[in-house]
Amino acid sequence: RGTSWTIGTVLRPRWVPGLTLSADFFNLRLDDTIVPVGLATIVQTCYDSPTYPDPSPSVGVNTCKQFSRDSGFQIQNGYQAGFLNLGAIKIKAVNFSGDYTLNLGSDKLILHGNAYYLINYDTSSSGNFDDTQASAGSRARPSLKTQFSMRYEHDGIYGQVTWNRESPTRIFSSGLPATNEQYPYTRYPTVNNIDMALGMDIDKSFRLQLAVSNLLDQTTVGDLGYRFADYYDQIGRRYKITATTRF
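Small disclaimer: the values here were computed from a predicted structure and weren't measured.

Visitor: Help me out: how do you make sense of the pairing of strand S6 (residues 144–154) in this one?
Guide: Both faces of the sheet carry side chains from a regular strand, because those side chains alternate between them. Here strand S4 (residues 107–124) runs beside S6; their pairing, made up of ten bridges, is antiparallel. Across the sheet, residue Ile110 finds its bridge partner in S6, namely Arg151. In this sheet, strand S7 (residues 157–166) lies alongside S6 in antiparallel orientation, the contact comprising ten bridges. Note on S7: the bridge partner recorded for Ser149 is Thr162. Taking the residues between adjacent antiparallel strands as the criterion, S6 and S7 are bridged by two residues, where Asp155 takes a positive phi near 50 degrees.

Here you go:
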């Protein structure tokens, strides 16, 4: 289950025809996420439950049946550990977007920009955030992702170039940025890449397009990514030809 709220605005200034600007703030919390647990958590959720000896209403499974004790009150071999609905996630982020269309006679120039800034991405195995693990700014979740594209259309032919950028990121340890005492390298560099597309409308019902993804052939994330096998894109540059028809 989750709760969220969003604040956003859209601006279309009359004195700049074709321009649209937008901004959105996201605040999201997910509760009862499924997380792996060990024996200690299994025992705790059993005995601390207000519905003992069956904590199913609060954790989704009867953990009291996953272990047994011998005559000395010691836990016997053969207990079961697994996954419980105990975790939680909190996310805060801001997204900015802009679009501008410029008509040049029968031609058209379309500009698009987007910036996504991740403020917080916190996880908790207990669900109470007394064991918060932060990861905003890590390799998996860069703090800032930006994209800018330019598309030009002329007489049924169009070309588009898209620049993708991810901000520098860090190695995290126990929910905090790692130090040089922990790792000899702690920072991943900025990642830049370009996608391109060229297409043609043969007629009103048929279109051909050639797309090139990862034009710069980025695979690992800089020297640190090469050393630790951290990939931006394991495949690298690739091409795709598509044909679209309408009936």
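Visitor: Any chance you could explain a nonpolar patch on the surface here in plain terms?
Guide: On the surface, Ile157, Leu198, Met200, Ile202, Phe206 and Leu208 cluster together into a nonpolar patch covering about 490 Å² of accessible area. Listing elements by their share of the nonpolar patch, those giving two or more residues are strand S12 (191–203) and strand S13 (206–213). No other element matches S12, which puts three residues into the nonpolar patch. Along the chain, the position of Leu208 falls in strand S13.

Visitor: Just to check I follow, could you spell out helix H1 (residues 39–47) for this structure?
Guide: Residues that lie three or four places apart on an α-helix share one face, since the helix turns once every 3.6 residues. Listing the buried residues of H1 in full gives Ile42, Val43, Thr45 and Cys46. Down the axis of H1, the sector holding all buried residues measures 165 degrees, keeping them to one side.

Visitor: Looking at this structure, I do not really get the pattern of salt bridges. What am I missing?
Guide: Once the charged atoms of two side chains with opposite charge are near each other, the side chains can pair. In the structure shown here, the tally under the stated rule is five salt bridges. The shortest N-O distance in the salt bridge between Arg139 and Glu166 comes to 2.7 Å. A residue pair is termed long-range when its members are at least 10 positions apart, and Arg139 in the loop between strand S5 (133–134) and S6 and Glu166 in strand S7 qualify at 27 residues. When its relative accessible area of 16% is taken as the criterion, Arg139 is described as buried. Its relative accessible area of 14% is what places Glu166 among the buried residues.

Visitor: I would appreciate a short explanation of the side chain of Ser167 in the present structure.
Guide: Relative to the assigned elements, Ser167 resides in the loop between S7 and strand S8 (169–170). A relative accessible area of 8% places Ser167 in the buried class. Excluding anything up to four places from it in sequence, Ser167 contacts Pro142, Ser143, Leu144 and Thr190.

Visitor: What should I look at first to understand unusual backbone geometry in this one?
Guide: Among all residues except glycine, the phi angle is most often negative; among peptide bonds, the trans geometry is most common. Here the amide bond leading from Tyr52 into Pro53 is cis, since omega sits at 15 degrees, within 30 degrees of zero. Structurally, Pro53 can be placed in the loop between H1 and helix H2 (56–59). Notably, Phe73 is not glycine yet its phi reads approximately 65 degrees, a positive angle. Positive phi, close to 50 degrees, is recorded for Asp155, a residue that is not glycine.

Visitor: Could you clarify how one ought to interpret the state of the cysteines in this entry?
Guide: Where two cysteines share a covalent bond between their sulfur atoms, that bond is called a disulfide. Counted by the stated rule, this structure contains one disulfide. Shown here is the disulfide that connects Cys46 with Cys64, its sulfur atoms set 2.0 Å apart. Measuring the twist about the S-S bond at about 110 degrees, one finds the Cys46-Cys64 disulfide to be right-handed. On the criterion of sequence distance, the pair formed by Cys46 in helix H1 and Cys64 in the loop between H2 and strand S3 (83–104) is long-range, its members being 18 residues apart. Judged by its relative accessible area of 2%, Cys46 falls in the buried class. What makes Cys64 buried here is its relative accessible area of 15%.

Parameters and conventions
- Residues numbered from 1 in each chain as written.
- Predicted model: local features only at pLDDT ≥ 70, side-chain atom pairs only at ≥ 80, totals over all residues.
- Heavy atoms only, no water.
- Pairing = 2+ DSSP bridges.
- Helix = DSSP H or I, 4+ residues; strand = E, 2+ residues; numbered from the N terminus.
- Patch = residues over 30% accessible without salt bridge, like charges linked within 9 Å, V, L, I, M, F, W, Y side chains within 5 Å.
- Areas by Shrake-Rupley, 256 points an atom, 1.4 Å probe, with all protein chains shown as cover.
- Salt bridge = Lys/Arg side-chain N within 4 Å of Asp/Glu carboxyl O.
- Buried < 20%, exposed > 50% of the residue type's maximum accessible area, 1.4 Å probe, protein only.
- Arc of directions from axis to C-beta.
- Contact = heavy atoms within 4.5 Å.
- Disulfide = S-S within 2.5 Å.

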